[in-house]
Amino acid sequence: MDTSSKNDVTNLLVAWGEGNKEALGELLPMVYRELHQIADRYLRRERIDHTLQATALVHEAYFKLVDQSRVHWQNRAHFFGVAAQAMRRILIDHARNYQTEKRAGVKLSLDDDIDISDQRASELIALDDALNALAEIDKQKSRIVELKFFGGLSIEEIAEVLGIGTATVIRQWRLAKAWLYSEINK
């Protein structure tokens with residue numbers, strides 16, 4: 001996305017945050033493709049035969065974002081950071097629902113587009129639990145993992161969202177990965 005388009009997105013986000021409903025209509029086509037790319041990047045980590053669709057994930061996240069009435073969007077990076085957080089919550093909720101229904105002996109029937117394997121659900125829940133524990137110790141590292149892993153944001157985009165340098169993001173990303181690996185494999 002070029003600088004002009006990024007500025008357009010930021011201006012539309014600000015207008016939307018100030019109550020301009022027409023801005024939302026202009027914004028959707030500009031951010032939809034990028035939201036879809038974020039979902040695609042995450043879903044590439046899934047097994048080959050999964051049925052979780054990027055489109056379903058984007059639509060659910062988008063509905064959560066549209067419901068945000070009190071957010072004062074700072075810029076496009078802030079918007080995509082919040083979108084990554086919404087996608088994380090959606091994926092974790094689906095994984096938790098899958099495990100709960102499976103334990104209860106009920107065959108899973110979430111949505112036609114959603115299917116999370118038993119192993120993947122356990123991994124997502126373990127990662128979410130570890131991220132929550134990391135957030136108690138270091139919120140910034142937890143947020144970096146969330147933006148990188150769930151949002152698929154680049155180091156530069158994460159630095160922009162958090163207002164820190166790229167070297168700091170790289171360093172904290174490495175430390176967070178090591179801590180999470182240790183926490184998950186206790």
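Small disclaimer: the values here were computed from a predicted structure and weren't measured.

1. Quick look at the overall build of the chain
Secondary structure summary: the chain contains 8 helices and 0 strands in total. Put simply, the chain runs from its N terminus to its C terminus through helices and strands in the order α-α-α-α-α-α-α-α. Here the chain holds 186 residues, and 44% of them are scored as buried.

2. Some words on helix α3 (residues 54-66)
In a regular helix each residue adds 1.5 Å, so 13 residues correspond to 18 Å; α3 covers 18 Å between its end C-alpha atoms and thus fits that length. Ala 54, Ala 56, Leu 57, Val 58, Ala 61, Tyr 62 and Leu 65 are the residues of α3 that are buried.

3. Concerning the confidence of the model for the chain
Low-pLDDT stretches of the model should not have their predicted coordinates read in fine detail. Confidence in the prediction of the chain, expressed as mean pLDDT, is 77, and 77% of residues score 70 or more. Confidence, expressed as mean pLDDT per element, reaches its minimum in the chain at helix α4 (residues 76-103) with 75 and its maximum at helix α8 (residues 166-184) with 91. The low-confidence segment residues 103-116, where pLDDT is below 50, has 29 contacts with residues more than four positions distant or belonging to other chains.

4. Brief notes about the pattern of salt bridges
Two side chains of opposite charge can pair, provided their charged atoms sit close to one another. Summed over the entire model, instances satisfying the criterion amount to 5 salt bridges. Residues Arg 76 and Glu 34 are paired through a salt bridge, measuring 2.3 Å at the closest nitrogen-oxygen approach. Of the two residues, Arg 76 is situated in helix α4 and Glu 34 in helix α2 (residues 21-43); the sequence distance between them amounts to 42 residues. Per residue, the accessibility class of Arg 76 equals that of Glu 34, and both read buried. Residue Glu 146 is joined to Arg 143 by a salt bridge in which the shortest nitrogen-to-oxygen separation is 2.6 Å. Here Glu 146 pairs with Arg 143, and both are found in helix α6 (residues 139-150), just 3 residues apart, close to one helical turn. By relative accessible area, which is 3% here, Glu 146 ends up buried.

5. Quick look at α8
Between its first and last C-alpha, α8 extends 26 Å over 19 residues, near the 27 Å set by a 1.5 Å rise per residue. All of the buried residues along α8 are Val 169, Gln 172, Trp 173, Ala 176 and Leu 180. Taken end-on, α8 shows its buried residues confined to a sector of 115°, consistent with a single buried face. Residues Arg 174 and Tyr 181 are exposed on α8 and point more than 90 degrees away from its buried face.

6. Considerations on the packing of aromatic side chains
What the rule picks out here adds up to 3 aromatic pairs. Relative to Trp 73, the ring of Trp 16 has its centre 5.8 Å away and its plane inclined at 20°; by these criteria the two rings are stacked. Placement of the pair is Trp 16 in helix α1 (residues 3-17) and Trp 73 in the loop between α3 and α4, with a sequence separation of 57 residues. Of the two residues, Trp 16 and Trp 73, both sit in the buried class. Geometrically, the ring pair formed by Phe 79 and Phe 80 is edge-to-face, given 5.2 Å between the ring centres and 80° between the ring planes. Taken individually, Phe 79 and Phe 80 each receive the classification buried, so the pair is uniform in this respect. The structure contains a cluster of three or more aromatic residues connected by ring pairs, namely Trp 16, Trp 73, Phe 79 and Phe 80.

What counts as what
- Residues numbered from 1 in each chain as written.
- Predicted model: local features only at pLDDT ≥ 70, side-chain atom pairs only at ≥ 80, totals over all residues.
- Heavy atoms only, no water.
- Helix = DSSP H or I, 4+ residues; strand = E, 2+ residues; numbered from the N terminus.
- Buried < 20%, exposed > 50% of the residue type's maximum accessible area, 1.4 Å probe, protein only.
- Expected span 1.5 Å × (residues − 1).
- pLDDT = per-residue confidence, 0-100.
- Contact = heavy atoms within 4.5 Å.
- Salt bridge = Lys/Arg side-chain N within 4 Å of Asp/Glu carboxyl O.
- Arc of directions from axis to C-beta.
- Phe/Tyr/Trp six-rings, centres within 6.5 Å; stacked < 30°, edge-to-face > 60°.

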